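Below are the chains, spelled out letter by letter.
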Amino acid sequence: MYRARTVLTNLVPLASLIPRAAPDRFASWILKSDHILCSITGTDIRHYSSSVATEPFLNGSSSAYVEEMYNAWLADPKSVHVSWDSFFRNSTAGAAPGQAYQAPPSLAEPGRNQLPITSLAPLLGAAGAPALGGQVNEKVIDDHLAVQAIIRSYQIRGHHIAKLDPLGISSADLDDKHPPELLYSHYSFEEGDMDRVFKLPSTTFIGGKEKALSLREILSRLENAYCRHIGVEFMFINSLEQCNWIRQKLETPGVMEISSEEKRLILARLTRATGFEAFLARKWSSEKRFGLEGCEILIPAMKAVIDKSTELGVESIVMGMPHRGRLNVLANVCRKPLEQIFTQFAALEAADDGSGDVKYHLGTYIERLNRVTNKNIRLAVVANPSHLEAVDPIVQGKTRAEQFYRGDGEGKKVMSLLLHGDAAFCGQGIVYETFHLSDLPDYTTHGTIHIVVNNQIGFTTDPRHSRSSPYCTDVARVVNAPIFHVNSDDPEAVMHVCKIAAEWRATFHKDVVIDIVSYRRNGHNEIDEPMFTQPLMYRKIKTTPHVLDKYSKRLIEEGVVTTEEVKDVRDKYEKICEESYLNARKETHIKYKDWLDSPWSGFFEGKDPLKVSPTGVKEDTLVHIGKRMSSPPPNAAEFVIHKGIERILRSRMEMVESRTVDWALGEGMAFGSLLKEGIHVRLSGQDVERGTFSHRHHVLHHQLVDKATYRPLCHLYPDQGPYTVCNSSLSEFGVLGFELGYSMTNPNALVCWEAQFGDFNNTAQCIIDQFISSGQAKWVRQSGLVMLNPHGLEGMGPEHSSARLERFLQMSSDDPDYFPPESEEFAVRQLHDINWIVANCSTPANYFHILRRQIALPFRKPLILMTPKSLLRHPEAKSSFDEMTENTQFLRVIPDQGPASQNPSSVKKLLFCTGKVYYDLRKAREERKLEGDIAISRVEQISPFPYDLIKKECAKYSNASLAWAQEEAKNQGSWTYVQPRFHTALSGSRDVSYVGRPTAASPATGSKMQHLKELNALLDDALSL
Ligand SMILES: Cc1ncc(C[n+]2csc(CCOP(=O)(O)OP(=O)(O)O)c2C)c(N)n1
Ligand SMILES: [Mg+2]
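Predicted, not measured: the structure shown is a model, and the values here were computed from it. (Residues numbered from 1 in each chain as written. Chains lettered and ligands numbered in written order. Predicted model: local features only at pLDDT ≥ 70, side-chain atom pairs only at ≥ 80, totals over all residues. Heavy atoms only, no water.)

### Points about the packing of aromatic side chains
No. 1: Summed over the entire model, instances satisfying the criterion amount to 33 aromatic pairs.
No. 2: The interplanar angle of 10° and the centroid separation of 6.3 Å between the aromatic rings of Tyr 226 and Phe 234 together place this pair among those described as stacked.
No. 3: Classification of Tyr 226 by relative accessible area gives buried; the value is 0%.
No. 4: Above the face of the Tyr 581 ring, Lys 283 is positioned so that its terminal group lies 4.4 Å from the ring centre.
No. 5: Of note, Lys 607 hangs over the ring of Phe 603, and the distance from its end group to the ring centre comes to 3.6 Å. (Phe/Tyr/Trp six-rings, centres within 6.5 Å; stacked < 30°, edge-to-face > 60°. Buried < 20%, exposed > 50% of the residue type's maximum accessible area, 1.4 Å probe, protein only. Lys NZ or Arg CZ within 6 Å of the ring centre and 35° of its normal.)

Right under this line is the structure:
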């Protein structure tokens, strides 16, 4: 208002320039009289009144618009409608308020409910209406603005009063209040105004082809679109185009109408979904299956999403879902053979390796023809643990990888579909982390469709105690995802929102949420008693008919199907289940492989399962990669790099020329040589492009041009594999999960995640425990993911020191009491049998080899690496090309190579250690001149434990005492892992003592002085004879 008034008061009087128009037209385009309620096209009437700055129609909502018009008019009077042209001319000429407006003559035929104002002229003088040539009727204008506000209110808040709960007892937004702005009385309308006709604004589609409607009709159509069984939240989206898109999908008259064919399809699908649960309940009444009863509509809903998406070009869908209804999804969405599902209920022995998982966690992978679209489709349901929502980022990573390998840069062919429970969706932080990956360039999957099975309960907990947000879906608002709440007992409404969601994703490639508000007919599982905690809800549920029965009745009444047809469809499905049940009973074994979500076709076939390819490379390759990594961009003259980077590149070049590598160069050469072999390498994590410790610099930034970058490793060879290095969001749980999912898609890729500091990996503990360490055992799924965890006590305090090596070791499946038979294949057999590899390399060459070995192995295992901090720049932590060229390999143990090794029998002490502490020990040994007395041997691969090499090393120093030295506290680091294994390696013949810090609760001291004191004590103890 202020803005518009300012504009108007500042208008330059143009009276002297513009001839004044004749005052013969009336300003208002709508009038009300007590007798006639209609809109009027004002063509011939005009009036004048007071000063410009007090124009009566200027208020908060119109002022910005007027200002815009005025500015446009100033620039070009023809750019605005003639009515505004006339208004501004008159105003600037000094016309009084209310007098400047001059309606243009209308050439259009008056629409329905419209009359030429001239025809009403006789009526306007009476009953308080303005007389011709008199005042503008402010009320009429206000009423129009009020109608506009009502429409907007429904679009924004209609969902609050939508009838979403099929039980009719609660409100999906936990609020029973009726927002006042959805009451016409709030705008001073009365029942008597209901038949007045109003012109519709351009922000609504309720009119269809009609431009004006009565207030009664407007309200009824808005109620229909926004307050029946669909409640949509979308007006927070910062895009007019997207808002209009949704308005059109919901408001256009008749938009919900579907054909009889479609209705029959919904009924058929609902019949299967219901029949499946009923069948399981009958056959295995006391088995937990987390049935879908109460939200059976999920199955037709998912199928509708899949149908529409395939129709729009999607060929592969990666799904993640919790326990609820999972078996039904496998059976009726993926069409997994029922026999395989039913055998899971029998206590059968497994035909393959692994420890397996409960049936409602298993994954699956199916390729089949979509009968509705007649197109082939791949469906994968990713296996998951009990940990709700933890699978979300894994699904996204897997989807992203599939898009990447297919060259599907816009997500047109591959998409993800995530299912959630209401309590988990709002309660688990990983949901938020996953949403925040949705629009990041190297993490986006170009839109995910989320479906919430909102049964309005989480185990026994009422939503009022499980969330603080109105809806369980509010977390999705942060990424501007539209959210469709829908009543599960209105199948057609559910299908409608599913169709919109699929179209939304295909159109905008952004996330969208479908919140199916439903109920849970049984307890949390089939043997739980829900009446203990939700008596009211469950009394109501007991009297609520099944949605299948309601919908069948409705379609019979509509004449779409007959009672016989309904029964026939039910009986047919029952027969299918019975036949499969009989077949399943003939099975003698279950096969975990039937439940694999990521088959790597062709990877294992024809391979010697124990043959590792060489990891050393030609010197030429090292030189070529080294030089590329040490050179500025090829267009160096234009591409200005930072002086500090120039220095780093120069020193890299010097290293290459002297045939040495530091940590960063060793890593770059591992990546580069794999890229040369066509392997895709992806490095992701916080600040990985530069490297937390500013050592890597895989992305060079133009110092003068924003966003101009150069990635040397992407330009090594013309036909190399693709290299992705990407700074991630500040998340561990989400991003580590994402990279794990990425690694599951293609075995011929080196996927690495780096923690900023190793400590932070514990916020991703669930991914580590539930997926990485145990994924293969539970789900026969392999992954070669590499976790890089900066680790080491360097006086930085409790939180930047320990990557918690002890935890990874404790979760290793390596048997402490078993020394495997010694043979040529000892090392690879161990790797084959272990759940993951834990290592702490002390040289760049060994780091180079262990990274390359990930791909050289004939199978895939996760690699957990402790990585250095100060060693990145340590002058001695360098390797020669000689340790990386052909015929070199990863060294599980690096034996002492100094004077002690020359004369082992006189060595008094053999110290074993791992990682960076080696350099501290070596320096202290040198200072104390003990090189001949003490041998130091480095255990580079801690798990699986190198029993054979440890035994050999100890045998070599037959007269030496043995000790394990570590910088971590006694209850941390490797000690508790290596101690029993030393015992096994030596058959208990020699003792190994512990040297290091005492037990501690915190990983490291916060005091620098204390740190140095502890380090000196450690060195003293280690080197005492
Ligand atoms: C991270 C995590 N915490 C706790 C649980 C235990 N739990 C299993 S199901 C469940 C309730 C889930 O409620 P909701 O998400 O609404 O799904 P519903 O079972 O109602 O379908 C809980 C708390 C779990 N599985 N995962
Ligand atoms: Mg629930």
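There is more to say, and it comes next.
### A word on the site of ligand 1
No. 1: Near ligand 1, the surroundings consist of 15 residues, among which Arg 324, Ser 386, Asp 422, Ala 423 and Ala 424 are the closest.
No. 2: Ala 423 places a main-chain nitrogen or oxygen 2.9 Å from an oxygen atom of ligand 1.
No. 3: Expressed as a share of its isolated accessible area of 580 Å², the protein-covered part of ligand 1 is 75%.
No. 4: Sorting elements by how many residues they give to the shell around ligand 1 places helix H13 (residues 422-427) first, with three residues.
No. 5: Its residues assigned to classes, the shell around ligand 1 shows five nonpolar, eight polar and two charged. (Near = heavy atom within 4 Å. Polar contact = N/O pair within 3.5 Å; in protein donor to acceptor, adjacent residues only side chain to side chain. Areas by Shrake-Rupley, 256 points an atom, 1.4 Å probe, with all protein chains shown as cover. Helix = DSSP H or I, 4+ residues; strand = E, 2+ residues; numbered from the N terminus. Nonpolar A, V, L, I, M, F, W, Y, C, P; charged D, E, K, R; others polar.)

### Examining helix H12 (residues 392-406)
No. 1: With 15 residues, H12 should cover 21 Å at 1.5 Å per step; its first-to-last C-alpha distance of 21 Å lies within 8% of that length.
No. 2: Looking one or two places after H12, you find Gly 407, whose phi comes out positive at around 70°. (Expected span 1.5 Å × (residues − 1).)

### Section: the nonpolar core
No. 1: Ranked by size, the top nonpolar core spans 179 residues in total, and within it Leu 298, Phe 342, Ile 449, Ile 451, Ile 514 and Ile 516 carry the most contacts.
No. 2: Not counting chain neighbours up to four residues away, the residues in contact with Ile 516 comprise Cys 295, Ile 297, Leu 298, Ala 301, Ile 451, Val 452, Val 453, Asn 454, Val 486, Ser 488 and Val 494. (Core = buried A, V, L, I, M, F, W, Y, C linked by side-chain atoms within 4.5 Å. Contact = heavy atoms within 4.5 Å.)

### Details of the coordination of the magnesium ion (ligand 2)
No. 1: At 2.0 Å from the magnesium ion (ligand 2) lie its protein donor atoms, namely Asp 422 (OD), Asn 455 (OD1) and Ile 457 (O).
No. 2: Ordering the donors of the magnesium ion (ligand 2) by residue number gives the pattern D-x32-N-x1-I. A residue pair is termed long-range when its members are at least 10 positions apart, and Asp 422 in helix H13 and Ile 457 in the loop between strand E12 (448-454) and helix H15 (463-466) qualify at 35 residues.
No. 3: What makes Ile 457 buried here is its relative accessible area of 4%. (Donors = N, O, S within 2.8 Å, 3.2 Å for Na, K, Ca; no water.)

### What to know about the confidence of the model for the protein chain
No. 1: Mean pLDDT over the protein chain stands at 89; residues scoring 70 or higher make up 87%.
No. 2: Here residues 1-61 is a poorly scored stretch, pLDDT under 50, and it has 183 contacts once near neighbours within four places are set aside; other chains count.
No. 3: Contacts from residues 104-134, a stretch scored under 50 in pLDDT, to residues over four places away or in other chains number 62 contacts. (pLDDT = per-residue confidence, 0-100.)

### Description of helix H19 (residues 563-586)
No. 1: Taking 1.5 Å per residue as the helical rise, H19 with its 24 residues ought to reach 34 Å, and the 36 Å between its terminal C-alpha atoms agrees with that figure.
No. 2: Where H19 is buried, its residues meet helix H8 (260-283), helix H10 (326-332), helix H11 (338-343) and helix H18 (547-558).

### Notes on the pattern of salt bridges
No. 1: Tallied over the entire structure, the rule returns 59 salt bridges.
No. 2: Of the charged contacts, one joins Asp 307 and Arg 269 as a salt bridge, the two residues approaching to 2.9 Å between their closest N and O atoms. In this pair, Asp 307 is assigned in helix H9 (residues 298-311) and Arg 269 in helix H8, connecting sequence segments 38 residues apart. Neither residue differs from the other here; Asp 307 and Arg 269 are each classed as buried.
No. 3: Across the pair Glu 526 and Arg 289 runs a salt bridge, and its minimum N-O distance is 3.9 Å. Here Glu 526 is found in the loop between strand E14 (512-517) and helix H17 (535-542), whereas its partner Arg 289 is found in the loop between H8 and H9, with 237 residues between them in sequence. (Salt bridge = Lys/Arg side-chain N within 4 Å of Asp/Glu carboxyl O.)

### Points about the pairing of strand E6 (residues 230-233)
No. 1: Judged by which residues are buried, E6 turns out to be covered on both faces: Ile 230 and Val 232 on one side and Gly 231 and Glu 233 on the other are all buried.
No. 2: Two elements, E6 and strand E13 (residues 483-487), share four bridges in a ladder whose sense is antiparallel. Each bridged residue has a counterpart across the sheet, and for Ile 230 the counterpart in E13 is Val 486. (Pairing = 2+ DSSP bridges.)

### Section: the layout of surface pockets
No. 1: In this structure, the second largest pocket encloses a volume near 890 Å³.
No. 2: What lines the second largest pocket is a set of 34 residues, and nearest its centre among them are Phe 604, Gln 776, Val 780, Gln 782 and Lys 861.
No. 3: The leading source of residues in the lining of the second largest pocket is helix H25 (residues 775-779), at three residues.
No. 4: Taken together, the residues of the lining of the second largest pocket break down into 15 nonpolar, 11 polar and eight charged. (1 Å grid on protein atoms, 1.4 Å probe; cavity = no way out; pocket = protein on both sides within 12 Å on 5 of 7 lines; lining within 4 Å. Points joined across faces, edges and corners; volume = space filled by probe spheres on them.)

### Re the sheet that holds E13
No. 1: Here we have eight strands laid out as an open sheet, ordered E6-E13-E14-E12-E11-E7-E10-E9, and mixed in their pairing. What marks the edges here is a single partner per strand, and that holds for E6 and strand E9 (364-370). This sheet shows a mean twist of 20° between the axes of neighbouring strands, independent of strand direction.
No. 2: Relative to E14, E12 runs parallel, the two being bridged by six bridges. Its bridge partner being in E14, Asn 454 is matched across the sheet by Val 517. (Axes fitted to C-alpha atoms, helices over the stretch in contact; angles between N-to-C directions.)

### Remarks on the packing of helix H20 (residues 619-629) against helix H21 (residues 643-657)
No. 1: Two elements in contact, H20 and H21, have axes whose closest approach is 8 Å; the angle formed by their N-to-C orientations is 165°. Considered as vectors, H20 and H21 are oriented roughly antiparallel to each other. The element H20 and its partner H21 pack so that their crossing is left-handed. The segment H20 lies against H21, with Val 623, Gly 626, Lys 627 and Met 629 engaging Leu 649, Arg 652, Met 653 and Val 656.
No. 2: Residue composition of the contact of H20 with H21, by class: five nonpolar, one polar and two charged. (Parallel < 35°, antiparallel > 145°, perpendicular 65-115°, else oblique. Left-handed = near helix turned anticlockwise from the far one by under 90°.)

### Remarks on a nonpolar patch on the surface
No. 1: On the surface, a nonpolar cluster with roughly 260 Å² of combined accessible area is contributed by Val 640, Leu 704 and Val 705.
No. 2: The residue Leu 704 is located in the loop between strand E18 (700-701) and strand E19 (709-710) in this model. (Patch = residues over 30% accessible without salt bridge, like charges linked within 9 Å, V, L, I, M, F, W, Y side chains within 5 Å.)

### Let's talk about the environment of Ile 230
No. 1: With respect to the element layout, Ile 230 can be found in strand E6.
No. 2: The class for Ile 230 is buried, based on a relative accessible area of 6%.
No. 3: Sequence-wise, Ile 230 and Val 486 are 256 residues apart; in three dimensions their C-alpha atoms are separated by 4.5 Å.

### What about unusual backbone geometry?
Generally, phi is negative for residues other than glycine and the peptide bonds are trans, each holding for most cases.
No. 1: The omega torsion of the bond from Ser 943 to Pro 944 falls at 0°, within 30 degrees of zero and hence cis.
No. 2: Its place among the elements puts Pro 944 in the loop between strand E29 (941-943) and helix H31 (947-956).
No. 3: We note that Arg 659 has phi near 60°; this positive angle belongs to a residue other than glycine.
No. 4: Of note, Arg 659 is situated in the loop between H21 and strand E16 (660-661).
No. 5: Since its relative accessible area comes to 28%, Arg 659 is described here as partly exposed.

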